[in-house]
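# Residue-level structure breakdown
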Amino acid sequence: MEDEPEPPLQPRTQIQGRVLFLTVCAAGIGGTFQFGYNLSIINAPTLHIQEFTNETWWARTGWPLPDHLVLLVWSLIVSLYPLGGLFGALLAGPFAIKLGRKKSLLVNNVFVVAAAILFGFSRRAGSFEMVMLGRLLVGISAGVSMNIQPMYLGESAPKELRGAVAMTSAIFTALGIVMGQVVGLRELLGGPQAWPLLLASCLVPGVLQLASLPLLPESPRYLLIDRGDSAICLAALQRLRGTTEVMVELAELEEERAACQGQRARRPWELFQDGTLRRQVISLVVLGSAMELCGNDSIYAYASSVFREAGVPQEKVQYAIVGTGCCELLTAFISCMVIDRVGRRVLLMGGYCLMTCWGSVFTVALCLQSSFPWMPYLAMCCIFAFILSFGIGPGGTVPLRLCAFPWRLCLWGPLHWFLPP
(Lines give C-alpha, C1' and ligand atoms only; values in the text may rest on other atoms or scores of the structure.)
Protein backbone atom coordinates (compact mmCIF):
# COMPACT_ATOMS: atom_id res chain seq x y z
CA MET A 1 0.00 0.00 0.00
CA GLU A 2 1.47 3.31 -1.06
CA ASP A 3 1.93 6.05 1.44
CA GLU A 4 -0.56 8.84 1.07
CA PRO A 5 1.06 12.05 -0.09
CA GLU A 6 1.52 14.59 2.65
CA PRO A 7 -0.31 17.89 2.19
CA PRO A 8 2.01 20.58 0.90
CA LEU A 9 3.45 22.88 3.53
CA GLN A 10 2.50 26.50 3.37
CA PRO A 11 5.36 28.40 1.74
CA ARG A 12 7.47 30.49 4.06
CA THR A 13 7.24 33.52 1.81
CA GLN A 14 3.44 33.39 1.93
CA ILE A 15 3.35 33.35 5.74
CA GLN A 16 6.04 36.04 5.96
CA GLY A 17 4.27 38.18 3.39
CA ARG A 18 0.95 37.99 5.24
CA VAL A 19 2.34 38.95 8.65
CA LEU A 20 4.51 41.70 7.17
CA PHE A 21 1.59 43.05 5.13
CA LEU A 22 -0.63 43.21 8.21
CA THR A 23 2.18 44.91 10.14
CA VAL A 24 2.62 47.52 7.41
CA CYS A 25 -1.13 48.20 7.23
CA ALA A 26 -1.63 48.37 11.01
CA ALA A 27 1.30 50.77 11.46
CA GLY A 28 0.52 52.85 8.39
CA ILE A 29 -3.20 53.41 9.03
CA GLY A 30 -2.45 55.18 12.30
CA GLY A 31 0.87 56.60 11.16
CA THR A 32 1.58 58.50 7.96
CA PHE A 33 -2.04 57.95 6.83
CA GLN A 34 -3.13 60.11 9.76
CA PHE A 35 -0.59 62.76 8.77
CA GLY A 36 -1.89 63.00 5.20
CA TYR A 37 -5.52 62.75 6.29
CA ASN A 38 -5.37 65.56 8.85
CA LEU A 39 -3.32 67.64 6.44
CA SER A 40 -6.05 67.56 3.77
CA ILE A 41 -9.36 67.53 5.69
CA ILE A 42 -8.77 71.04 7.03
CA ASN A 43 -9.19 72.52 3.54
CA ALA A 44 -12.87 71.64 3.03
CA PRO A 45 -14.38 73.37 6.11
CA THR A 46 -12.32 76.58 5.83
CA LEU A 47 -15.28 78.95 5.37
CA HIS A 48 -17.48 77.03 7.82
CA ILE A 49 -14.90 77.23 10.63
CA GLN A 50 -14.32 80.93 9.95
CA GLU A 51 -18.08 81.55 10.18
CA PHE A 52 -18.23 79.49 13.39
CA THR A 53 -15.39 81.59 14.86
CA ASN A 54 -17.21 84.82 14.06
CA GLU A 55 -20.54 83.53 15.41
CA THR A 56 -18.90 82.31 18.61
CA TRP A 57 -17.23 85.66 19.23
CA TRP A 58 -20.50 87.49 18.52
CA ALA A 59 -22.38 85.28 21.00
CA ARG A 60 -19.77 85.98 23.68
CA THR A 61 -19.28 89.73 23.25
CA GLY A 62 -22.22 90.96 21.20
CA TRP A 63 -19.81 92.24 18.53
CA PRO A 64 -18.61 90.55 15.33
CA LEU A 65 -14.95 89.67 15.06
CA PRO A 66 -13.12 91.82 12.47
CA ASP A 67 -12.15 90.00 9.29
CA HIS A 68 -8.43 90.29 9.93
CA LEU A 69 -8.84 88.68 13.37
CA VAL A 70 -11.00 85.90 11.91
CA LEU A 71 -8.17 85.26 9.46
CA LEU A 72 -5.68 85.33 12.35
CA VAL A 73 -7.65 82.70 14.30
CA TRP A 74 -7.90 80.55 11.19
CA SER A 75 -4.17 80.89 10.59
CA LEU A 76 -3.53 79.73 14.16
CA ILE A 77 -5.81 76.71 13.67
CA VAL A 78 -3.86 75.71 10.56
CA SER A 79 -0.37 76.46 11.90
CA LEU A 80 -0.86 74.67 15.22
CA TYR A 81 -0.75 71.39 13.29
CA PRO A 82 2.92 71.69 12.24
CA LEU A 83 3.77 73.17 15.64
CA GLY A 84 2.33 70.07 17.27
CA GLY A 85 4.23 67.98 14.74
CA LEU A 86 7.49 69.59 15.88
CA PHE A 87 6.70 68.74 19.51
CA GLY A 88 5.76 65.21 18.50
CA ALA A 89 8.99 64.72 16.56
CA LEU A 90 10.96 65.71 19.66
CA LEU A 91 8.97 63.20 21.74
CA ALA A 92 9.42 60.36 19.24
CA GLY A 93 12.97 59.45 20.29
CA PRO A 94 12.27 59.07 24.04
CA PHE A 95 8.99 57.28 23.27
CA ALA A 96 10.68 54.78 20.94
CA ILE A 97 13.35 53.91 23.52
CA LYS A 98 11.26 53.82 26.70
CA LEU A 99 8.01 52.35 25.37
CA GLY A 100 9.17 50.52 22.28
CA ARG A 101 8.13 51.05 18.67
CA LYS A 102 4.79 49.27 18.75
CA LYS A 103 3.67 50.51 22.15
CA SER A 104 4.63 54.09 21.19
CA LEU A 105 2.32 53.91 18.17
CA LEU A 106 -0.49 52.59 20.37
CA VAL A 107 0.00 55.19 23.14
CA ASN A 108 0.21 57.88 20.47
CA ASN A 109 -3.49 57.34 19.74
CA VAL A 110 -4.31 59.00 23.07
CA PHE A 111 -3.66 62.33 21.32
CA VAL A 112 -5.97 61.33 18.47
CA VAL A 113 -8.82 60.30 20.78
CA ALA A 114 -8.51 63.54 22.79
CA ALA A 115 -8.45 65.63 19.61
CA ALA A 116 -11.50 63.83 18.18
CA ILE A 117 -13.47 64.55 21.36
CA LEU A 118 -12.51 68.22 21.20
CA PHE A 119 -13.45 68.48 17.52
CA GLY A 120 -16.74 66.64 17.95
CA PHE A 121 -18.03 68.81 20.81
CA SER A 122 -16.51 72.16 19.77
CA ARG A 123 -19.64 73.42 17.97
CA ARG A 124 -21.97 72.38 20.79
CA ALA A 125 -19.67 73.98 23.37
CA GLY A 126 -19.32 77.15 21.26
CA SER A 127 -15.53 77.10 21.53
CA PHE A 128 -13.14 77.61 18.63
CA GLU A 129 -10.36 77.18 21.18
CA MET A 130 -11.25 73.48 21.29
CA VAL A 131 -10.58 73.28 17.54
CA MET A 132 -7.20 74.95 18.05
CA LEU A 133 -6.23 72.56 20.84
CA GLY A 134 -7.43 69.59 18.78
CA ARG A 135 -5.24 70.61 15.86
CA LEU A 136 -2.25 70.87 18.20
CA LEU A 137 -2.92 67.35 19.52
CA VAL A 138 -3.29 65.72 16.08
CA GLY A 139 -0.08 67.49 15.11
CA ILE A 140 1.72 65.92 18.09
CA SER A 141 0.32 62.54 17.06
CA ALA A 142 1.53 63.00 13.48
CA GLY A 143 4.99 64.07 14.64
CA VAL A 144 5.39 60.96 16.81
CA SER A 145 4.02 58.49 14.26
CA MET A 146 5.94 59.86 11.28
CA ASN A 147 9.19 59.09 13.07
CA ILE A 148 8.31 55.82 14.78
CA GLN A 149 6.34 54.13 11.98
CA PRO A 150 9.23 53.89 9.48
CA MET A 151 11.57 52.93 12.33
CA TYR A 152 9.23 50.10 13.40
CA LEU A 153 8.68 48.83 9.86
CA GLY A 154 12.35 49.11 8.88
CA GLU A 155 13.38 47.06 11.90
CA SER A 156 10.64 44.47 11.35
CA ALA A 157 11.21 43.83 7.63
CA PRO A 158 13.91 41.51 6.25
CA LYS A 159 16.79 43.14 4.42
CA GLU A 160 15.57 42.19 0.96
CA LEU A 161 12.17 43.85 1.57
CA ARG A 162 13.29 46.82 3.67
CA GLY A 163 13.29 49.26 0.74
CA ALA A 164 9.79 48.32 -0.45
CA VAL A 165 8.44 48.43 3.10
CA ALA A 166 9.98 51.88 3.69
CA MET A 167 8.21 53.14 0.56
CA THR A 168 4.83 52.38 2.15
CA SER A 169 5.20 55.49 4.34
CA ALA A 170 4.88 57.68 1.24
CA ILE A 171 2.02 55.54 -0.09
CA PHE A 172 0.04 55.85 3.15
CA THR A 173 0.66 59.61 3.24
CA ALA A 174 -0.72 60.00 -0.29
CA LEU A 175 -3.62 57.67 0.53
CA GLY A 176 -4.44 59.76 3.60
CA ILE A 177 -4.44 62.95 1.51
CA VAL A 178 -6.83 61.41 -1.03
CA MET A 179 -9.16 60.01 1.63
CA GLY A 180 -9.24 63.37 3.40
CA GLN A 181 -10.17 65.08 0.14
CA VAL A 182 -12.91 62.51 -0.58
CA VAL A 183 -14.42 62.61 2.92
CA GLY A 184 -14.33 66.42 2.75
CA LEU A 185 -16.63 66.53 -0.29
CA ARG A 186 -19.86 68.45 0.29
CA GLU A 187 -21.87 65.30 -0.37
CA LEU A 188 -20.15 63.56 2.58
CA LEU A 189 -18.82 65.56 5.56
CA GLY A 190 -17.87 68.83 3.89
CA GLY A 191 -21.20 70.58 4.57
CA PRO A 192 -21.70 73.54 6.93
CA GLN A 193 -23.20 71.42 9.72
CA ALA A 194 -20.97 68.34 9.45
CA TRP A 195 -17.51 69.89 9.78
CA PRO A 196 -17.08 68.85 13.47
CA LEU A 197 -17.64 65.24 12.39
CA LEU A 198 -15.20 65.73 9.51
CA LEU A 199 -12.42 66.83 11.86
CA ALA A 200 -13.34 64.16 14.42
CA SER A 201 -13.20 61.42 11.76
CA CYS A 202 -9.47 61.10 12.49
CA LEU A 203 -10.67 58.80 15.27
CA VAL A 204 -11.49 56.04 12.75
CA PRO A 205 -7.87 55.30 11.68
CA GLY A 206 -6.81 55.48 15.31
CA VAL A 207 -9.39 52.90 16.37
CA LEU A 208 -8.37 50.63 13.50
CA GLN A 209 -4.75 50.76 14.66
CA LEU A 210 -5.71 50.15 18.28
CA ALA A 211 -7.68 47.07 17.21
CA SER A 212 -5.04 45.54 14.92
CA LEU A 213 -1.53 46.51 16.03
CA PRO A 214 -1.60 44.70 19.44
CA LEU A 215 -1.97 41.40 17.54
CA LEU A 216 1.37 41.88 15.77
CA PRO A 217 4.95 41.50 17.06
CA GLU A 218 7.23 44.23 18.36
CA SER A 219 10.39 45.27 16.51
CA PRO A 220 13.02 42.48 16.96
CA ARG A 221 15.82 45.05 17.04
CA TYR A 222 14.20 46.93 19.92
CA LEU A 223 13.52 43.71 21.83
CA LEU A 224 17.16 42.59 21.66
CA ILE A 225 19.22 45.79 21.65
CA ASP A 226 17.11 48.09 23.84
CA ARG A 227 15.44 45.53 26.12
CA GLY A 228 18.01 42.73 25.96
CA ASP A 229 15.35 40.02 25.72
CA SER A 230 16.70 37.33 23.38
CA ALA A 231 13.79 34.90 23.85
CA ILE A 232 11.06 37.39 22.90
CA CYS A 233 13.22 38.72 20.06
CA LEU A 234 13.56 35.18 18.68
CA ALA A 235 9.80 34.62 18.91
CA ALA A 236 9.12 37.93 17.12
CA LEU A 237 11.60 37.08 14.35
CA GLN A 238 10.08 33.64 13.85
CA ARG A 239 6.60 35.09 13.60
CA LEU A 240 7.59 37.85 11.21
CA ARG A 241 9.61 35.50 8.97
CA GLY A 242 7.21 32.55 9.14
CA THR A 243 10.00 30.08 9.95
CA THR A 244 12.18 28.92 12.83
CA GLU A 245 15.33 29.36 10.74
CA VAL A 246 16.23 32.85 11.88
CA MET A 247 19.50 32.19 13.71
CA VAL A 248 21.59 34.02 11.10
CA GLU A 249 19.52 37.18 11.47
CA LEU A 250 19.54 36.81 15.25
CA ALA A 251 23.33 36.53 15.19
CA GLU A 252 23.55 39.78 13.18
CA LEU A 253 21.40 41.53 15.78
CA GLU A 254 23.62 40.11 18.52
CA GLU A 255 26.68 41.58 16.78
CA GLU A 256 24.96 44.95 16.55
CA ARG A 257 24.01 44.70 20.21
CA ALA A 258 27.62 43.98 21.18
CA ALA A 259 28.81 46.96 19.11
CA CYS A 260 26.30 49.24 20.84
CA GLN A 261 27.17 48.16 24.38
CA GLY A 262 28.52 51.00 26.49
CA GLN A 263 27.50 53.66 23.98
CA ARG A 264 25.00 56.33 24.89
CA ALA A 265 22.56 57.94 22.50
CA ARG A 266 24.20 60.86 20.72
CA ARG A 267 22.76 64.32 20.62
CA PRO A 268 22.12 65.92 17.20
CA TRP A 269 25.07 68.33 17.38
CA GLU A 270 27.40 65.45 18.26
CA LEU A 271 26.55 63.78 14.94
CA PHE A 272 28.17 66.70 13.10
CA GLN A 273 31.36 66.25 15.14
CA ASP A 274 31.74 62.60 14.12
CA GLY A 275 33.82 62.51 10.93
CA THR A 276 32.44 59.11 9.94
CA LEU A 277 28.87 60.43 9.99
CA ARG A 278 29.39 64.00 8.82
CA ARG A 279 28.72 63.35 5.14
CA GLN A 280 25.61 61.35 5.97
CA VAL A 281 24.32 64.12 8.24
CA ILE A 282 24.94 66.79 5.59
CA SER A 283 23.22 64.67 2.96
CA LEU A 284 20.30 64.16 5.33
CA VAL A 285 19.91 67.89 6.01
CA VAL A 286 20.18 68.78 2.32
CA LEU A 287 17.71 66.11 1.20
CA GLY A 288 15.24 66.87 3.95
CA SER A 289 15.44 70.64 3.45
CA ALA A 290 15.02 70.33 -0.31
CA MET A 291 11.96 68.16 0.13
CA GLU A 292 10.31 70.57 2.57
CA LEU A 293 11.18 73.71 0.59
CA CYS A 294 10.33 72.39 -2.89
CA GLY A 295 6.85 73.93 -2.76
CA ASN A 296 4.63 70.90 -3.25
CA ASP A 297 2.29 71.91 -0.41
CA SER A 298 2.14 75.45 -1.79
CA ILE A 299 1.02 74.06 -5.15
CA TYR A 300 -1.91 72.43 -3.38
CA ALA A 301 -2.78 75.83 -1.88
CA TYR A 302 -2.84 77.47 -5.33
CA ALA A 303 -4.86 74.68 -6.93
CA SER A 304 -8.40 75.90 -6.12
CA SER A 305 -7.91 79.42 -7.49
CA VAL A 306 -6.13 78.14 -10.61
CA PHE A 307 -8.93 75.69 -11.36
CA ARG A 308 -11.52 78.47 -11.01
CA GLU A 309 -9.53 80.73 -13.36
CA ALA A 310 -9.44 77.87 -15.89
CA GLY A 311 -13.24 77.86 -15.94
CA VAL A 312 -13.95 74.91 -13.64
CA PRO A 313 -17.31 75.64 -11.91
CA GLN A 314 -17.05 76.41 -8.21
CA GLU A 315 -19.09 73.34 -7.25
CA LYS A 316 -16.80 71.10 -9.34
CA VAL A 317 -13.47 72.41 -8.02
CA GLN A 318 -13.54 69.96 -5.12
CA TYR A 319 -13.47 67.04 -7.55
CA ALA A 320 -10.46 68.49 -9.36
CA ILE A 321 -8.71 68.80 -5.99
CA VAL A 322 -9.31 65.09 -5.40
CA GLY A 323 -7.59 64.51 -8.75
CA THR A 324 -4.41 66.17 -7.47
CA GLY A 325 -4.29 63.81 -4.50
CA CYS A 326 -4.87 60.82 -6.78
CA CYS A 327 -1.86 61.92 -8.85
CA GLU A 328 0.43 61.79 -5.82
CA LEU A 329 -0.97 58.40 -4.79
CA LEU A 330 -0.44 57.02 -8.30
CA THR A 331 3.17 58.17 -8.48
CA ALA A 332 3.89 56.78 -5.01
CA PHE A 333 2.93 53.32 -6.31
CA ILE A 334 4.94 53.83 -9.51
CA SER A 335 8.00 54.95 -7.56
CA CYS A 336 7.73 51.87 -5.34
CA MET A 337 7.78 49.60 -8.41
CA VAL A 338 10.63 51.25 -10.35
CA ILE A 339 12.95 52.47 -7.59
CA ASP A 340 15.05 49.29 -7.44
CA ARG A 341 15.45 49.22 -11.24
CA VAL A 342 16.14 52.89 -11.83
CA GLY A 343 17.85 53.84 -8.57
CA ARG A 344 17.26 56.52 -5.94
CA ARG A 345 19.66 59.06 -7.43
CA VAL A 346 18.03 59.02 -10.86
CA LEU A 347 14.55 59.44 -9.42
CA LEU A 348 15.68 62.27 -7.14
CA MET A 349 17.52 64.19 -9.84
CA GLY A 350 14.84 63.56 -12.44
CA GLY A 351 12.04 64.55 -10.05
CA TYR A 352 13.68 67.82 -9.03
CA CYS A 353 14.54 68.70 -12.63
CA LEU A 354 10.96 68.12 -13.74
CA MET A 355 9.63 70.10 -10.76
CA THR A 356 11.94 73.00 -11.65
CA CYS A 357 10.70 72.91 -15.23
CA TRP A 358 7.00 72.75 -14.38
CA GLY A 359 7.36 75.29 -11.58
CA SER A 360 8.94 77.78 -13.99
CA VAL A 361 6.20 77.26 -16.58
CA PHE A 362 3.59 77.58 -13.84
CA THR A 363 5.03 80.94 -12.73
CA VAL A 364 5.00 82.27 -16.29
CA ALA A 365 1.43 81.02 -16.79
CA LEU A 366 0.25 82.80 -13.63
CA CYS A 367 1.88 86.05 -14.73
CA LEU A 368 0.34 85.92 -18.21
CA GLN A 369 -3.06 84.39 -17.44
CA SER A 370 -4.83 87.74 -17.99
CA SER A 371 -3.08 88.25 -21.35
CA PHE A 372 -3.85 84.93 -23.06
CA PRO A 373 -7.12 83.01 -22.63
CA TRP A 374 -5.37 79.62 -22.70
CA MET A 375 -2.84 80.40 -19.96
CA PRO A 376 -5.11 79.29 -17.07
CA TYR A 377 -5.39 75.87 -18.71
CA LEU A 378 -1.60 75.67 -18.94
CA ALA A 379 -1.33 76.58 -15.25
CA MET A 380 -3.83 73.84 -14.41
CA CYS A 381 -1.79 71.27 -16.35
CA CYS A 382 1.38 72.43 -14.56
CA ILE A 383 -0.21 71.71 -11.18
CA PHE A 384 -0.83 68.07 -12.10
CA ALA A 385 2.59 67.73 -13.74
CA PHE A 386 4.36 69.25 -10.70
CA ILE A 387 2.59 66.90 -8.28
CA LEU A 388 3.35 63.89 -10.48
CA SER A 389 7.03 64.88 -10.60
CA PHE A 390 7.15 65.28 -6.83
CA GLY A 391 5.50 61.92 -6.17
CA ILE A 392 7.79 59.90 -8.41
CA GLY A 393 10.92 61.74 -7.23
CA PRO A 394 11.52 63.18 -3.75
CA GLY A 395 8.07 62.30 -2.41
CA GLY A 396 8.93 58.62 -2.11
CA THR A 397 12.71 58.53 -2.46
CA VAL A 398 13.72 60.89 0.36
CA PRO A 399 11.82 59.03 3.13
CA LEU A 400 13.36 55.78 1.88
CA ARG A 401 16.89 57.15 2.25
CA LEU A 402 16.05 58.33 5.76
CA CYS A 403 14.64 55.04 7.07
CA ALA A 404 17.87 53.05 7.07
CA PHE A 405 18.97 54.12 10.57
CA PRO A 406 16.91 55.40 13.55
CA TRP A 407 19.23 58.36 14.20
CA ARG A 408 18.45 59.69 10.71
CA LEU A 409 14.74 59.73 11.47
CA CYS A 410 15.22 61.42 14.84
CA LEU A 411 17.29 64.14 13.18
CA TRP A 412 15.00 64.54 10.17
CA GLY A 413 11.76 64.60 12.21
CA PRO A 414 12.13 68.10 13.72
CA LEU A 415 13.54 69.36 10.41
CA HIS A 416 10.42 68.15 8.60
CA TRP A 417 8.14 70.26 10.80
CA PHE A 418 10.44 73.22 11.40
CA LEU A 419 10.86 74.22 7.76
CA PRO A 420 7.87 75.93 6.11
CA PRO A 421 6.17 74.11 3.19
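These numbers come from a predicted model, not from an experiment.

### Side note on the side chain of E155
Tracing the backbone through its elements, the reader meets E155 in helix α7 (residues 128-156). With relative accessibility at 11%, the residue E155 sits in the buried group. At a separation of 2.9 Å, a polar atom in the side chain of E155 contacts the side chain of R101.

### Observations regarding the environment of W57
Tracing the chain through its elements places W57 in helix α3 (residues 46-61). Taking relative accessible area as the criterion, W57 reaches 31% and is therefore assigned partly exposed. With 13 residues separating them along the chain, W57 and V70 place their C-alpha atoms 9.6 Å apart. Not counting residues within four places of it along the chain, the set of residues in contact with W57 comprises G62, W63, P64, L65 and F128.

### Notes on the environment of L329
Here L329 shows up in helix α17 (residues 317-342). You can call L329 buried: its relative accessible area is 16%. Setting aside residues no more than four positions away along its own chain, L329 makes contact with I171, A174, L175 and V178.

### What about the pattern of salt bridges?
Here the structure, examined in full by the defined rule, presents eight salt bridges. A salt bridge links E129 to R60; its shortest N-O distance comes to 2.8 Å. Pair noted here: E129 is in helix α7 and R60 is in helix α3, with a separation of 69 residues, a long-range link. Members of the salt-bridge network, linked through shared partners, are R101, E155, R221 and D226.

Rules used throughout
Residues numbered from 1 in each chain as written. Predicted model: local features only at pLDDT ≥ 70, side-chain atom pairs only at ≥ 80, totals over all residues. Heavy atoms only, no water. Helix = DSSP H or I, 4+ residues; strand = E, 2+ residues; numbered from the N terminus. Buried < 20%, exposed > 50% of the residue type's maximum accessible area, 1.4 Å probe, protein only. Polar contact = N/O pair within 3.5 Å; in protein donor to acceptor, adjacent residues only side chain to side chain. Contact = heavy atoms within 4.5 Å. Salt bridge = Lys/Arg side-chain N within 4 Å of Asp/Glu carboxyl O.

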